[in-house]
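A structural walkthrough
Single-letter residue listing:
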Amino acid sequence: MDNFIYSIPTRAYFGRGQVANLGSAVREFGGSKVLLAYGGGSIKRNGILDEVLAEFDKEGIAHVELSGIKPNPRIESVEEGISLYRQHGCDFILAVGGGSTLDAAKAIAAGVSYSGPVLDLLTGVAAINSPAPLGTILTMAGTGSEMDAGGVITAGEDNKKLVIMHPELNPRFSILDPAYTFTVPALHSMAGCADILCHLMEQYFTPESGADVQDRMNEGLMKVVLEHGPRILANPEDYDARANIMWASSMALSGFQLLLGKPGFKFPIHYLGHELSSLYDMTHGVTLALLTPAWMRHTVEANPDALAVFARFARNVFDVKQKDERAAFEAGIDALIQYYRTIGMPVSLEAAGVEEERLEYLAEKATENGELGILSSIGKAQALAIYQTAYRQ
Ligand code: NZQ
Ligand code: ZN
């Protein structure tokens, strides 16, 4: 296991009614005038916005609203948020929503302390310096944005997904009330499960490193997602299932604790998936479910050492019994695809509406900034092969 430093600056208020801590938490972190960021209006319909405003009133906290942040959030929302924050003299940002709203709020937090275009911070032209303080109220589990230091913003004519990352973009606090996720539609709830599972897999599928604590924790979290996702599908108001999925989301990317002491912070499946979101505005978690089995098949052919990792995954996560490594690997992929079917994810790019003639473009875009990969190197030709395998599987 390699050396590492572990530090989690985000305070989690987990459970029913934790919104009662909102006002004091905002005050504690210096907020008196808040930029309140949210999405397309679900928090108005399910009553969460009223609860937030009541807590602001109790503490005498003023606020300005930024609404309409879309899934796969665009840079224009970020720019709007930066000018609102400056114009109204805000001193704190509260994001109430799913990963898209949280990510937009992170980019706003970074942008308000930079005089140039925020795109510079997303492309690495300029460094992030002293972002504004940020808190979150999570209303949809999946991305881990509530506990991590990153965000993903869509920009430009080609809708490129750009990653922003800085230790001070970890929220100061996150309020995690599982009951707030009862109203998330089935597709987004299950795409969230696919996203959590992929975060876990991307940190598990690395060269052997001897980091057994991280890998055994990871296997346990993967089993939680396998068990509780279908429970949510059966009963969207199953509090314990929602609670376990929400905490699994947070634990999966909490300071990247499952990757500590391990090589690689690469997330190749994510980068391949982002291109599907860029071209088709596809839901993030769906892209990952579509590509993971094909990525595994490609990787095991490119690097025979990957077979042992995938076979261990199949045995320890899906309880596959096959002794032969190759047979265990195949049974693991079958079980993974079956899980995706159970939670309603499309099983092929074709079924998801992707046009076969666009696969080459996707491969070009996915690798335009260099090769991807952790257990194998993925250039354009390999990316194309993965998309082709995922097209009809
Ligand atoms: O916009 P509203 O009206 O709120 O509706 C949203 C949206 O339509 C709805 N929703 C959320 N909470 C709800 C609800 N509907 C009813 N009741 C509720 N309680 O769900 C829809 C999807 O929301 P969104 O925020 O887009 O979903 P998600 O949390 O999956 O976020 C996806 C974004 O996060 C990025 C993705 O790339 C994508 O842009 N990611 C961020 C990461 C990070 N910051 O670390 C890592 C991830 O790998 C991912 O890349
Ligand atoms: Zn993800």
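Look up a bit, the structure's there.
I will try to describe carefully the structure that is included in this document. (Residues numbered from 1 in each chain as written. Chains lettered and ligands numbered in written order. Predicted model: local features only at pLDDT ≥ 70, side-chain atom pairs only at ≥ 80, totals over all residues. Heavy atoms only, no water.)

Details of the overall build of the protein chain
Looking only at helices and strands, the protein chain features 15 helices and eight strands. The globule rule puts the C-alpha radius of gyration for 393 residues at 21 Å, and the 20 Å found for the protein chain is close to it. Split into buried and exposed, the 393 residues of the protein chain put 59% on the buried side. Counting only contacts in the protein chain whose residues sit at least 6 apart along the sequence, the fraction spanning at least 24 positions is 76%. (Helix = DSSP H or I, 4+ residues; strand = E, 2+ residues; numbered from the N terminus. Rg over C-alpha atoms; globule rule 2.2 N^0.38 Å. Buried < 20%, exposed > 50% of the residue type's maximum accessible area, 1.4 Å probe, protein only. Contact = heavy atoms within 4.5 Å.)

Some details on the coordination of the zinc ion (ligand 2)
Distances from the zinc ion (ligand 2) to its protein donors, namely D195 (OD), H199 (NE2), H270 (NE2) and H284 (NE2), fall within the range 2.0 to 2.2 Å. Along the chain, the residues that donate to the zinc ion (ligand 2) are spaced as D-x3-H-x70-H-x13-H. Taken together, the residues span a long stretch of sequence, with H199 in helix α7 (residues 186-204) and H284 in helix α11 (residues 284-302) at a distance of 85 residues. Comparing H199 with H284, the two get one shared label, buried. (Donors = N, O, S within 2.8 Å, 3.2 Å for Na, K, Ca; no water.)

Looking at the sheet that holds strand β5 (residues 134-138)
Note on sheets: strands pair through backbone hydrogen bonds, and any given pair is parallel or antiparallel. The strand order β1-β8-β5-β4-β2-β3 describes an open sheet built from six strands, whose pairing is parallel. Only two strands of the sheet have a single neighbouring strand rather than two, namely β1 (11-14) and β3 (62-66). Each strand axis lies, on average, 20° off the axis of its neighbour in the sheet, ignoring direction. Where β5 and strand β8 (residues 173-176) come together, four bridges link them in parallel fashion. Note on β8: the bridge partner recorded for G135 is F173. (Pairing = 2+ DSSP bridges. Axes fitted to C-alpha atoms, helices over the stretch in contact; angles between N-to-C directions.)

These values are about where atoms sit, not about what they do.
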